[in-house]
Number of protein chains: 2
Amino acid sequence: MKISLGIDIGGTNTCVGTVSADGVVLCKESFPTSDYKQAALFADRLAEAVREVMAATASNHANTAIEWLGLGIGAPNGNHCTGCIEQPPNLNFKGDTPIIDLMNARLDLPVIDLTNDANAAAIGEKTFGAAKDYSDFIMITLGTGLGSGVFVNNQLVYGHDGFAGEVGHLSVIPDGRYCGFGRRGSLESYCSATGIRRSFFETLSHLGGPTVLDHLNIGELTSKHVAEAAQQGDTVAKATMDFTGRLLGEALASTAVVTSPAAFFLFGGPVKAGPILLDPVRKSFEQHLIPPLKNKIQIIESTLPIGDAAIIGAAALVIQ
Amino acid sequence: MKISLGIDIGGTNTCVGTVSADGVVLCKESFPTSDYKQAALFADRLAEAVREVMAATASNHANTAIEWLGLGIGAPNGNHCTGCIEQPPNLNFKGDTPIIDLMNARLDLPVIDLTNDANAAAIGEKTFGAAKDYSDFIMITLGTGLGSGVFVNNQLVYGHDGFAGEVGHLSVIPDGRYCGFGRRGSLESYCSATGIRRSFFETLSHLGGPTVLDHLNIGELTSKHVAEAAQQGDTVAKATMDFTGRLLGEALASTAVVTSPAAFFLFGGPVKAGPILLDPVRKSFEQHLIPPLKNKIQIIESTLPIGDAAIIGAAALVIQ
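### Considering the overall build of chain A
Counting its regular elements, chain A contains nine helices and 13 strands. In terms of its C-alpha atoms, chain A occupies a principal-axis envelope of roughly 60 × 45 × 35 Å. Accessible surface, chain A: about 12300 Å² in total, of which carbon and sulfur atoms supply 50%. If the 22 positive side-chain charges of chain A are averaged to one point and the 32 negative ones to another, these points end up 5 Å apart.

Next up, the structure:
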């Protein structure tokens, strides 16, 4: 039985899982990333977690010989070309962390590979999800940030330095919102989950309210609240989702002109809002596409399971 | 002696040339594209021109055996994947013209290939120009339109349908200028040669004048006049070139996040303006790049000869 390991390093939690050859998570565990301020100590804990899920998987399949294919790591700013997590804005260990070297020093596995979380999701969608039959597509992940992974001719595009596929940093509104990098008007600051939260407040400033979300603390509002309120017909929330969808559709139409993908796959919590987000995305996308591309490019919901997608995607790095 | 043929189909003129294995145009001729309203008659004239330059080249090298490698065609909306010129906005023959089939029916050459003019320029730069040692780069051509050709892993990106590399249609100013497609705010409508002309009038509207170009007829103003006036220190023209450069730099910084090229190569008349355009491009580019890409990506002037670049690029299609 061939099994791979996938690691999803997030700002809050790090998850480790074993994944079967058909993309099912067999066993997983997680621990808080933010407990670790030093990369070496984090790597110690991560290697321990890897050994634990390997042992648990082996004991669940006691009568089967397991061939361990290797370990794939997905991390924010994880660079396939250098093997380092480079200057991650949301992790406690700063600078460049040579995570592949650190793990190779602690584990004996045939392959250890690294990419960023959105690239891992794209590889997961290509290997196990709805993108199986697509040679040219772009994966868009909507979460705390807005990530992307670009496939051209059946290959993930890394670019000259490993930093291709950062569509979240497309400039969409000149002199618009500030983002984590101190730049302004990036797609991510509008259409990620946190962007939707910000757009709710912008929309509230325009429309004045009231809204069914008035009872919430400002600090606790999330994109999920906004999506649910929109589905219940709340005016401010509906206008927020509509604004988000229109802007995302326009940005995807701009992105399409670079590599002309056959499809965009959308992944993440906000996508679960369904038509209230996806209808304006698709409408605005078609409106803004150049004529030679109109009615050719699909916008498709990811079929990766949200909870396990990052682990599956990271494991797919090794399976590919 | 190995020789290729390159054809550059432009809205005004069509040029045909023979090109040596080291990228030198040996012999060429041109005729007005706009004289032909029917594709078949155009193809007749084009085949005649091909035979003429082949004969002239052969008679200039009477003592040498010539191996004809094939014919490459660069045309606006030329689609490598279908072999058709598809709905070209600036040509008299409308709809889809199956130019490869038309030429194969008229000529006996080992290969006849087609791509759009900007892709041909990119292949020319890669084969004979400054991009020789670059595996990941983007060619930007500034002319009547703003075209581009994207290389990833040493291969030109065609996308799922042949329409990749249309960076001129990136949206840069929401609800901005109208373009030929009826869309608004595209990069092409600001930073092509015709975009620079429009920006001059916008800048004149802001600053009010006077300008050293006051004596020109409105209809005859070109980007070349603007560049020359800027070099002479004219306030309106300088502000126009600065605006163009800043916007182009920002758009290239946005484009860079999709495929992370090692360089952009800029080609076309406006690029000859030199530092008055390129300084603000480079400054704005670095300002708007995301931190992981800063100080890594070069902006380089094309080394292809402007007059022959399109023929050389088309011929390189066959040499590649």
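### Some words on the relation of the copies chain B and chain A
Copy one and copy two of the chain differ by a rotation about a common axis and a shift along it. Mapping chain B onto chain A is achieved by rotating through 180° and translating by 0.0 Å along the same axis, at an RMSD of 0.0 Å. Taken together, the turn and the small shift mark the pair as related by a two-fold rotation axis. A high fraction, 100%, of the interface residues of chain B reappear at the interface in chain A, so the copies pair face to face through one surface.

### What to know about the domain arrangement of chain A
Residues and elements named next belong to chain A. By domain assignment, chain A separates into domain 1 (2-128 + 307-319) and domain 2 (137-301). Its C-alpha centre places domain 1 at a distance of 27 Å from the equivalent point of domain 2. For the domain 1 and domain 2 pair, buried surface summed over both sides reaches about 1400 Å², with 66% attributable to carbon and sulfur atoms. Joining domain 1 to domain 2, the criterion identifies two residue pairs in polar contact (both at pLDDT 80 or more). For the side of domain 1 that touches domain 2, the secondary structure elements donating two or more residues are α3 (117-128) and α9 (309-319). No other element matches α3, which puts seven residues into the side of domain 1 that touches domain 2.

### Quick look at the packing of aromatic side chains
Residue and element names in this part refer to chain A. The final tally for this structure, using the stated rule, is 20 aromatic pairs over all chains. Taking the centre distance of 6.3 Å and the plane angle of 65° together, the rings of Y190 and F243 count as edge-to-face. Within this pair, whereas Y190 is found in helix α4 (residues 188-191), its partner F243 is found in helix α7 (residues 235-259), the two being separated by 53 residues in sequence. Residue classification places Y190 among the buried residues on the basis of a relative accessible area of 4%. Pairing F200 with F201 gives two aromatic rings, centres 5.7 Å apart and planes at 75°, and the pair type is edge-to-face. Judged by its relative accessible area of 3%, F200 falls in the buried class. In textbook terms, an aromatic cluster arises when at least three aromatic residues are bridged by ring pairs, as seen for F31, Y36, F42 and F93.

### Observations regarding the pattern of salt bridges
Residue and element names in this part refer to chain A. Summed over the entire model, instances satisfying the criterion amount to 16 salt bridges over all chains. Of the charged contacts in the structure, one is a salt bridge between K28 and D308, with a shortest N-O distance of 2.5 Å. Here D308 lies in the loop between β13 (298-301) and α9 and K28 lies in strand β3 (residues 25-32), a separation of 280 residues in the sequence. With a relative accessible area of 47%, K28 lands in the partly exposed category. Residue D308 is classed as buried on the basis of its relative accessible area of 18%.

### What to know about the confidence of the model for chain A
In the predicted model, chain A carries a mean pLDDT of 94, and the fraction of residues at 70 or more is 100%. On the interface metric, ipTM, the complex scores 0.86, and its pTM is 0.90.

### Considerations on the sheet that holds β13 of chain A
Residue and element names in this part refer to chain A. Strand order in the open sheet formed by five strands is β11-β10-β9-β12-β13, with mixed pairing between adjacent strands. Taken across any chain shown, the strands that pair with only one partner, and hence form the sheet edges, are β11 (155-156) and β13. Of the strand pairs in this sheet, strand β9 (residues 137-142) and strand β12 (residues 263-267) are connected by five bridges, and their pairing is parallel. Bridge pairing in β12 links F137 to A263. Contacts from helix α8 (residues 275-288) reach β9, β12 and β13, with the element oriented near 165° to β13.

### Some points on the sheet that holds strand β1 (residues 2-9) of chain B
Residues and elements named next belong to chain B. Across the sheet, which stays open at both edges, the five strands sit in the order β3-β2-β1-β4-β8 with mixed pairing between neighbours. Since the sheet does not close on itself, it has two edges, and those belong to β3 (25-32) and β8 (112-115), each with one partner. Strand-to-strand twist in this sheet, taken as the mean axis angle between neighbours without regard to direction, amounts to 15°. Sheet topology places strand β4 (residues 67-74) next to β8; four bridges connect them, and they run parallel. By the bridge assignment, I73 is partnered in β8 with L114. Against the sheet, helix α9 (residues 309-319) touches β1, β2 (13-20), β3, β4 and β8, its axis set at about 120° to β4.

Calculation notes
- Residues numbered from 1 in each chain as written.
- Chains lettered and ligands numbered in written order.
- Predicted model: local features only at pLDDT ≥ 70, side-chain atom pairs only at ≥ 80, totals over all residues.
- Heavy atoms only, no water.
- Helix = DSSP H or I, 4+ residues; strand = E, 2+ residues; numbered from the N terminus.
- Areas by Shrake-Rupley, 256 points an atom, 1.4 Å probe, with all protein chains shown as cover.
- Lys, Arg positive; Asp, Glu negative; His and termini not counted.
- Charge placed at Lys NZ, Arg CZ, Asp CG, Glu CD.
- Least-squares fit on C-alpha atoms with pLDDT ≥ 70 in both.
- Contact = heavy atoms within 4.5 Å.
- Domains from an automatic or database assignment.
- Buried area = accessible area lost by both parts, 1.4 Å probe.
- Polar contact = N/O pair within 3.5 Å; in protein donor to acceptor, adjacent residues only side chain to side chain.
- Phe/Tyr/Trp six-rings, centres within 6.5 Å; stacked < 30°, edge-to-face > 60°.
- Buried < 20%, exposed > 50% of the residue type's maximum accessible area, 1.4 Å probe, protein only.
- Salt bridge = Lys/Arg side-chain N within 4 Å of Asp/Glu carboxyl O.
- pLDDT = per-residue confidence, 0-100.
- Pairing = 2+ DSSP bridges.
- Axes fitted to C-alpha atoms, helices over the stretch in contact; angles between N-to-C directions.

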